[in-house]
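Examining the three-dimensional arrangement
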Amino acid sequence: MTPTLLAALTAAREAKRPVVLATRLPGGAQKLLPAPDAPEDLAAAAVRALARDESGTVKLADGEWFLQVHNPPMRIVVVGAVHIAQALVPLAAQLGLAVIVVDPRRSFATAERFPNVTISTEWPDEAMDALAPDARTAVVTLTHDPKLDDPALDRALKSPAFYIGALGSRKTHAARLKRLRELGHDEAALARIRGPVGLPIEAVTAPEIALSILAEIVAVRRGAPLSLAAAA
Amino acid sequence: MSAEAEDVLKTAAAWRAAGEEVALATVTQTWGSSPRPAGSQMAVTASGRMAGSVSGGCIEGAVADAARETMRTGTPQLLDFGVTNERAWEVGLACGGKVKVFVERLA
């Protein structure tokens, strides 16, 4: 890889711009995509690889190319700078997720409790509007406080977030669904919320609950055959 | 989650910026039950540092050897690792998978 190309690739990654590094096989000629001068079939293959979020080798008219996908990291928005969040954040970072913690209660959302994490102390609906969850974003609410969880869930349901989870017992969850229904969300929308959150591994401690939540996020992300009923 | 917590490319770039000779190995294609998906990377320096992986540990040694050769010659290589059959190949994937690994020098 030439220094120029490495610099361009590094810059794109830092700016969180999705790019594809295309390498001609076996010769090794390389190109960073999208690029205005890219051949049409190569450009189209790069777009597909980014959408699938999958690196791989493709056969084009001029031979084989390896397409290395560099999508910005998936995000997890954690609403509630609570004890479970403290366990969840480092585990999520290990999994390669970019973490944002949202909690307007400044005594919870401190840099001391959450070192090296992006923290938003805005009200959850405003924070969510600013973060604009996309199909590469997971949203998890942990506050147990409807004043904080509900606005975040409302915004999450209006977004294409790939995972929405809400901490709380079955009883809490039923009450929550009732409130969200009153906000105008239909059953199909409400079914997107995983609650009680996490895989049923009888988690007790904060790290165990964090693990069950992240395991569920991985399962959803990888298309593992989970039934919502099994988790309920 | 395509991005891994361990950012091999970033590590490799930092090593290069610090003046190390660096080669980067990338899985370009897999067949069967290979342990790491296409795009998995390993960085190697002439001084012997290593980061990341391209398999479950079965072929890293051979890839590192190829990486050192590529650092010396500057010529990239496309390596092909097939199924081990105990005698025929000293290096292969015990899991029965097949991988191709592209090795390049960071200039």
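Residues numbered from 1 in each chain as written. Chains lettered and ligands numbered in written order. Predicted model: local features only at pLDDT ≥ 70, side-chain atom pairs only at ≥ 80, totals over all residues. Heavy atoms only, no water.

Time to look at the domain arrangement of chain A. Often the size quoted for an interface is simply the accessible area lost on bringing the parts together. Its domain assignment divides chain A into domain 1 (3–70) and domain 2 (75–231). One C-alpha centre belongs to domain 1 of chain A, the other to domain 2 of chain A, and the line joining them spans 33 Å. (Domains from an automatic or database assignment.)

Turning to the pattern of salt bridges, a few remarks are in order. Residue and element names in this part refer to chain A. Taken as a whole and assessed by the stated rule, the structure comprises 18 salt bridges over all chains. Taking the shortest distance from any N to any O, the salt bridge between Arg-155 and Asp-154 comes out at 3.1 Å. Exposure remark for Asp-154: the relative accessible area of 7% places this residue in the buried category. For Glu-216, the salt bridge goes to Arg-194, with nearest N and O atoms at 3.8 Å. Residue Glu-216 is found in helix H8 (residues 206–221), and its partner Arg-194 is found in strand E10 (residues 193–194); the two are separated by 22 residues along the sequence. Like Arg-194, Glu-216 is buried. Several salt bridges converge on common partners, so that one network encompasses Asp-129, Asp-154, Arg-155 and Lys-158. (Salt bridge = Lys/Arg side-chain N within 4 Å of Asp/Glu carboxyl O. Buried < 20%, exposed > 50% of the residue type's maximum accessible area, 1.4 Å probe, protein only. Helix = DSSP H or I, 4+ residues; strand = E, 2+ residues; numbered from the N terminus.)

Take the packing of helix H5 (residues 146–157) of chain A against helix H6 (residues 170–182) of chain A next. Residue and element names in this part refer to chain A. Packing of H5 against H6 brings their axes to within 11 Å, and their N-to-C directions diverge by 60 degrees. As far as their axial angle goes, H6 and H5 are oblique. Like other packed secondary-structure pairs, H5 and H6 cross with a definite hand, here right-handed. Across the interface between the two elements, Pro-146, Asp-149, Asp-150, Leu-153, Asp-154 and Leu-157 of H5 pack against Arg-176, Arg-179 and Leu-180 of H6. By residue class, the composition of the contact of H5 with H6 is 4 nonpolar, no polar and 5 charged. (Axes fitted to C-alpha atoms, helices over the stretch in contact; angles between N-to-C directions. Parallel < 35°, antiparallel > 145°, perpendicular 65-115°, else oblique. Left-handed = near helix turned anticlockwise from the far one by under 90°. Contact = heavy atoms within 4.5 Å. Nonpolar A, V, L, I, M, F, W, Y, C, P; charged D, E, K, R; others polar.)

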